[in-house]
Amino acid sequence: MRTPHRLALTALVAVLALAGCSGDARTDDSAPATASPSSSPSPPPASQPPSPPPPSATTETLTPTPTSTPTSSTTPTPPPDPVMPALHSQTYEQARAELARAGVSTARLKPGAQHKDVTVPRDHDGWYICDTSPRPGAPVTAATTVTVRLARDFSDCTTSFNGYLHQENDPAHTP
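Conventions used here
Residues numbered from 1 in each chain as written. Predicted model: local features only at pLDDT ≥ 70, side-chain atom pairs only at ≥ 80, totals over all residues. Heavy atoms only, no water. Helix = DSSP H or I, 4+ residues; strand = E, 2+ residues; numbered from the N terminus. Buried < 20%, exposed > 50% of the residue type's maximum accessible area, 1.4 Å probe, protein only. Contact = heavy atoms within 4.5 Å. Areas by Shrake-Rupley, 256 points an atom, 1.4 Å probe, with all protein chains shown as cover. Pairing = 2+ DSSP bridges. Axes fitted to C-alpha atoms, helices over the stretch in contact; angles between N-to-C directions. Disulfide = S-S within 2.5 Å.

### Section: the overall build of the protein chain
Of the regular secondary structure elements, the protein chain holds 3 helices and 3 strands. Going from N to C terminus, the protein chain has its helices and strands arranged as α-α-α-β-β-β. Counting across all 175 residues of the protein chain, residues that qualify as buried make up 21%. Here the analysis covers contacts within the protein chain between residues at least 6 apart in sequence; of these, 64% occur between residues at least 24 apart. As displayed, the protein chain has an accessible area near 13,000 Å², and 57% of this comes from carbon and sulfur atoms.

Now the structure itself:
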């Protein structure tokens, strides 16, 4: 039961602070002037809560000022860059569809082989994504090229002999 009183008091203090910050020196003409210019104003007694501001001051502080409202001449902020989706273990065809759903242009998609001794054929839609650049979660700007490293079988993604799929193709290999 005590919380609503504190909330009301806090709201009242906030309204009074906003009314005081408006820069206008407004007075309530309906209240009689009792202080003379030579006497200093006395603070209100501590036992009495502060009186609420006049209704005109309350409604005036709640109306927005023209400078704080946006105008139609401001340019809207551009949408954020799309984020690189996780494509690992998907086929090239699935990855193209996923990039399109994420808002990334598939024209920027560049396929490459995961291994040095493998050539990616023209029809590589069924090949699997082993690695991507940029990494998943990274922003993809308009100038970013999305490179995917492909392997014919998904199990080939983890097989590598110094970058070669077949050990006998590795120049460092000695039989």
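And the narrative resumes.
### Notes on the sheet that holds strand S1 (residues 109–113)
One open sheet accounts for 3 strands, arranged S1-S3-S2; its pairing is mixed. The open sheet has two free edges, formed respectively by S1 and strand S2 (128–133), since each of these has just one partner strand. Within this sheet the neighbouring strands show an average axis-to-axis angle of 30°, counted without direction. Inspection of the sheet shows S1 paired to strand S3 (residues 146–151) by 5 bridges, in the parallel sense. Note that in S3 the partner of Gly112 across the bridge is Arg149. Its contacts with the sheet place helix H3 (residues 92–102) against S1, S2 and S3, and it is angled at close to 155° to S1.

### Quick notes on the state of the cysteines
Enumeration over the complete set of coordinates arrives at 1 disulfide. Cys130 shares a disulfide with Cys157; S-S distance 1.9 Å. Disulfide Cys130-Cys157: the torsion about the S-S bond is -75°, which places it as left-handed. Taken as a pair, Cys130 in strand S2 and Cys157 in the segment after S3 lie far apart in primary sequence, 27 residues in all. Owing to a relative accessible area of 8%, Cys130 belongs among the buried residues under this scheme. Residue classification places Cys157 among the buried positions, given a relative accessible area of 13%.

### Comments concerning unusual backbone geometry
Cis geometry is adopted by the peptide bond preceding Pro134, which originates at Ser133 and carries an omega value of 5°. Along the chain, Pro134 turns up in the loop between S2 and S3. Positive phi, close to 55°, is recorded for Asn162, a residue that is not glycine. According to the relative accessible area criterion, Asn162 is exposed, its value standing at 55%.

Keep in mind these values describe shape, not function.
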